[in-house]
Structure formats: C-alpha cells, structure tokens
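As a plain string of letters, each chain reads:
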Amino acid sequence: MEFPIKIREAQQSDIDQICLIQESISSSLEIMNKEIIEERIRNHAGTFLLASLDDQVIAYILADRKS
C-alpha cells in the first residue's frame, strides 16, 4: 500500500497542528510554545519541515540552528 505523504516547509497556518503534535509527545525534552513555533517558522522556515497526509500534518522535523 502506498501513502501520498508530502514534505514541505512549515507555514504560519500550520501552527495549531504543530502544537497538537507537540502536546502529544510525552517524551519531548524541549516543548516549544506557540510563540517559539511562530518565530521558528518566520525566521527559519527552510529548516522547519512538515510531513502531511491528505492535507493533515502528521509530523515535523527541525534542523539544528547554527549561530
């Protein structure tokens, strides 16, 4: 079975779905609040990628930010 998963850069309109994923990860060492997510998307969208299935965000990945 094949799943049409799409990978794309995060957008401001994805924030609520990203927050839901964050809340569901109980083993997360660093929980990002909404303001941090907004800042990361605004300033580092190329390193904040989403996986979506049927237009529903199912996962995300953040690349390391280097100063």
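The notes below deal with the structure included here. Remember, predicted model here, so these are calculated numbers, not experimental data. (Residues numbered from 1 in each chain as written. Predicted model: local features only at pLDDT ≥ 70, side-chain atom pairs only at ≥ 80, totals over all residues. Heavy atoms only, no water.)

1. Notes on a nonpolar patch on the surface
Item 1. Together, Met1, Phe3, Ile5, Ile7 and Ile58 give the surface a local cluster of nonpolar side chains, amounting to about 620 Å² of exposed area.
Item 2. Among the structural elements, Phe3 can be located in the segment before β1 (5–9). (Patch = residues over 30% accessible without salt bridge, like charges linked within 9 Å, V, L, I, M, F, W, Y side chains within 5 Å. Areas by Shrake-Rupley, 256 points an atom, 1.4 Å probe, with all protein chains shown as cover. Salt bridge = Lys/Arg side-chain N within 4 Å of Asp/Glu carboxyl O. Helix = DSSP H or I, 4+ residues; strand = E, 2+ residues; numbered from the N terminus.)

2. Comments concerning the pattern of salt bridges
Item 1. The full count for this structure, using the stated rule, is 2 salt bridges.
Item 2. Here Arg8 ties to Asp14 by a salt bridge, and the two come within 2.8 Å at their closest N and O atoms.
Item 3. For Arg8, a relative accessible area of 28% gives the class partly exposed.
Item 4. Residue classification places Asp14 among the buried positions, given a relative accessible area of 4%.
Item 5. Between Lys34 and Asp16 there is a salt bridge whose closest N-O contact spans 3.3 Å. (Buried < 20%, exposed > 50% of the residue type's maximum accessible area, 1.4 Å probe, protein only.)

3. So, helix α2 (residues 34–44)
In an α-helix, one turn spans 3.6 residues, which is why side chains three or four residues apart end up on the same side.
Item 1. When we look at burial in α2, the residues that qualify are Ile37, Arg40 and Ile41. Angularly, the buried residues of α2 cover 95 degrees about the axis, an arc narrow enough to put them on a single face. Exposed side chains of α2 directed beyond 90 degrees from the buried face belong to Glu35 and Arg42.
Item 2. On the buried face of α2, the contacting elements are α1 (15–24), β2 (48–53) and β3 (56–62).
Item 3. The distance from a side-chain oxygen at the start of α2 to the backbone nitrogen of Glu35 is 3.1 Å, and the residue carrying that oxygen is Asn33. (Arc of directions from axis to C-beta. Contact = heavy atoms within 4.5 Å. Polar contact = N/O pair within 3.5 Å; in protein donor to acceptor, adjacent residues only side chain to side chain.)

4. Focus: the packing of aromatic side chains
Item 1. Tallying each qualifying case throughout the model produces 1 aromatic pair.
Item 2. Note on Phe48 and Tyr60: the rings are 5.7 Å apart at their centroids and 45 degrees apart in plane angle, and the pair reads as tilted. Separated by 12 residues along the polypeptide, Phe48 in strand β2 and Tyr60 in strand β3 bring together distant segments of the chain. Taken as a pair, Phe48 and Tyr60 share a single burial class, namely buried. (Phe/Tyr/Trp six-rings, centres within 6.5 Å; stacked < 30°, edge-to-face > 60°.)

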